Amino acid sequence: MNQLPELPELQIVPTESLQLHEEIEGGRAQRLIRSLQSEGFLKNPPVVLRVSDHPERYVVLDGANRTTAFNQMGFPHILVQIADSGVQVMSWNHVLRGESPANLLQAMRELEGATLESTDSEQASAALLARRSLAYLMLPDGEVWHLPSSEERVARRVELLGRVVKLYEGRYWRERTSAADLDGLVKLYPDLIALMVFPRFEVKDVIEVAASGGLFPSGTTRFLISPRALRVNFPLAALADRSPLASKREVLEEWIRERMEQRRVRYYAESTFLFDE
């Protein structure tokens, strides 16, 4: 086995100390609860970032539904990975499948706080990058529509994006993708009716929105986190009881030490594709 680098920072924290940055997907928390209770362990801990002004508060970057599941189960504590400043924020785009986009376009025209304008993919991409636009929509027939907005406040822009996403939630099948190549996506999704392309934000934007109590729409932000602790499989029983936080952290330290001694921790430096998720 290759020599291990410095391990990701795993820590047990109060569940109530976590602040979500995005909305949760409806019904997913309940499915996670059933899965957690059946398996008896936390497979992949949520990834969080410390709030600089409040060192005992954390913003959840990845794992909103897992965090919600722990809250709903009444767990006082949760195992998390605390990320450092090297986190990068990327964006997800949404492949929409289902009925004609005509009703969606009409709803977007009526959205308060933004206007819907016809454009082309090059201009739409440039406006999005310059934050002159909230998002843009590409249709298989070549039409491109964007939502110009002069709003400069990040929290308000995120709120408007949330309204855009709610226009198609429950009406269209939605798939996340990092691609913005419509031709390639049409081959993958023959029933694609539109591609919604979102802007990229910065870590400070995420912290600012979360600190103000705002939420990004679900499935619009993604984070590049390295190193990442996966398949940790920490027992839920060690998190569920009401013993003091300090004693649980001692249990975690011993648990990690044992796995290191048993050579059960592996490090993969190369990019990895998992086909069993």
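From a predicted model like this one, the values you see are computed outputs, not experimental measurements.

### Structural notes on the sheet that holds strand β8 (residues 93-98)
So, point 1. As summarised here, the arrangement of the six strands in space is β9-β11-β10-β13-β8-β12, forming an open sheet in which the pairing is antiparallel. Of all strands in the sheet, those with a lone pairing partner are β9 (117-119) and β12 (172-177), marking the two edges. Along the sheet, successive strands turn relative to each other by an average axial angle of 25 degrees, direction set aside.
So, point 2. Across four bridges, strand β10 (residues 133-138) lies against strand β11 (residues 144-148) in antiparallel orientation. Bridging across to β11, Met 138 finds its partner in Val 144.
So, point 3. Against the sheet, helix α4 (residues 121-129) makes contact with β9, β10, β11 and β13 (192-197), and its axis sits at roughly 155 degrees relative to β10, the strand it touches most.
So, point 4. The strands touched by helix α5 (residues 154-168) are β8, β10, β11, β12 and β13; relative to β10, the strand with the most contacts, the crossing angle is about 25 degrees.

### Topic: the pattern of salt bridges
So, point 1. For the coordinates displayed, the defined rule picks out 16 salt bridges.
So, point 2. Two residues, Glu 151 and Arg 153, come together in a salt bridge whose shortest N-O distance is 2.7 Å.
So, point 3. Among the charged side chains, a salt-bridge network with shared partners connects Asp 62, Arg 66 and Arg 228.

### As for the sheet that holds strand β6 (residues 77-82)
Across a sheet, paired strands are connected by hydrogen bonds in the backbone, their directions being either parallel or antiparallel.
So, point 1. Across the sheet, five strands lie side by side as β1-β6-β4-β5-β2; this open sheet has mixed pairing. Of all the strands in the sheet, the pair left with one neighbour each is β1 (9-14) and β2 (18-20). Across this sheet, the average inter-strand angle for adjacent strands is 50 degrees, counted without regard to direction.
So, point 2. Across the sheet, helix α7 (residues 203-211) lies against β2, β4 (47-51) and β5 (54-62), angled at about 110 degrees from β5, the strand it touches most.
So, point 3. Of the strands in this sheet, β1 and β6 touch helix α9 (residues 245-261), which is tilted by about 160 degrees from β1.

### Considerations on the side chain of Glu 151
So, point 1. Among the secondary structure elements, Glu 151 is positioned in the loop between β11 and α5.
So, point 2. A polar side-chain atom of Glu 151 sits 2.7 Å from a polar atom in the side chain of Arg 153.
So, point 3. Setting aside anything within four residues of it in sequence, one finds Glu 151 in contact with Arg 156 and Arg 157.

### Focus on the confidence of the model for the protein chain
So, point 1. When pLDDT is averaged along the protein chain, the result is 91, and 96% of the positions lie at 70 or above.
So, point 2. The weakest mean pLDDT in the protein chain belongs to β5 at 88; the strongest belongs to β6 at 97.

### Quick word on the nonpolar core
So, point 1. Judged by nonpolar contacts, the single largest core of 41 residues is most densely connected at Leu 96, Leu 137, Tyr 168 and Met 196.
So, point 2. Elements represented by at least two residues in this core include exactly β4, β5, α3 (102-109), β10, β11, α5, β13 and α7.
So, point 3. With seven residues, the top contributor of residues to this core is α5.
So, point 4. When near neighbours in sequence (up to four residues on either side) are disregarded, Met 196 contacts Asn 93, His 94, Met 108, Ala 135, Tyr 136, Leu 137, Val 164 and Tyr 168.
So, point 5. Residues Leu 18, Ala 64, Met 73 and Phe 75 belong to the second largest nonpolar core, which totals 28 residues.

### Side note on empty space enclosed by the protein
So, point 1. In the structure shown here, the tally under the stated rule is two cavities of 30 Å³ or more.
So, point 2. Its volume calculated, the largest cavity comes out at about 40 Å³.
So, point 3. For the largest cavity, the full set of lining residues is Arg 131, Ser 133, Leu 134, Arg 157, Leu 161, Pro 199, Arg 200 and Phe 201.
So, point 4. At the level of secondary structure, the elements contributing two or more residues to the lining of the largest cavity comprise β10 and α5.
So, point 5. Taken together, the residues that form the lining of the largest cavity break down as four nonpolar, one polar and three charged.
So, point 6. As a volume, the second largest cavity reaches approximately 30 Å³.
So, point 7. When grouped by side-chain class, the residues that make up the lining of the second largest cavity number six nonpolar, two polar and no charged.

Conventions and cut-offs
Sequence positions are assigned chain by chain, starting from 1 and proceeding in written order. Where totals are concerned, whole chains, interfaces and linings use all residues; where local detail is concerned, this predicted model gives features only for residues with pLDDT of at least 70, and gives and counts side-chain atom pairs only at 80 or more. Side-chain measures were taken over the full set of non-hydrogen atoms in the model, leaving aside hydrogen atoms and water. Pairs of strands are assigned from DSSP output, requiring at least two bridges between the strands. Helical segments are the DSSP runs of H or I of at least four residues, strand segments are the runs of E of at least two, and each set is numbered from the N terminus. In this analysis an axis means a line fitted to C-alpha atoms, helices contributing only their contacting stretch, and an angle means the value between N-to-C directions, from 0 to 180 degrees. In this analysis, two residues are considered to be in contact whenever any of their non-hydrogen atoms come within 4.5 Å of each other. Salt bridge, as applied in this entry: a Lys or Arg side-chain nitrogen positioned within 4 Å of an Asp or Glu carboxyl oxygen. Polar contacts, as counted here, are pairs of nitrogen or oxygen atoms within 3.5 Å of one another; within protein the pair requires one atom able to donate a hydrogen and one able to accept it, and residues that are adjacent in sequence qualify only if both atoms are side-chain atoms. The score called pLDDT rates the predictor's confidence residue by residue, from a low of 0 to a high of 100. Here, the term nonpolar core denotes a set of buried Ala, Val, Leu, Ile, Met, Phe, Trp, Tyr and Cys residues that are joined through side-chain atoms within 4.5 Å. Three labels apply to residues, based on accessible area from a 1.4 Å probe with only protein chains included: buried if under 20% of the type maximum, exposed if over 50%, partly exposed otherwise in between. In this analysis, the protein atoms alone were mapped onto a 1 Å grid. Cavities are point sets where a 1.4 Å probe fits without being able to get out; pockets are open sets with protein on both sides within 12 Å along at least five of seven lines; lining residues have an atom within 4 Å of a point. Grid points are joined across faces, edges and corners, and a volume is the space filled by probe spheres set on the points. In this classification, Asp, Glu, Lys and Arg are treated as charged, Ala, Val, Leu, Ile, Met, Phe, Trp, Tyr, Cys and Pro as nonpolar, and every other residue, Gly included, as polar.

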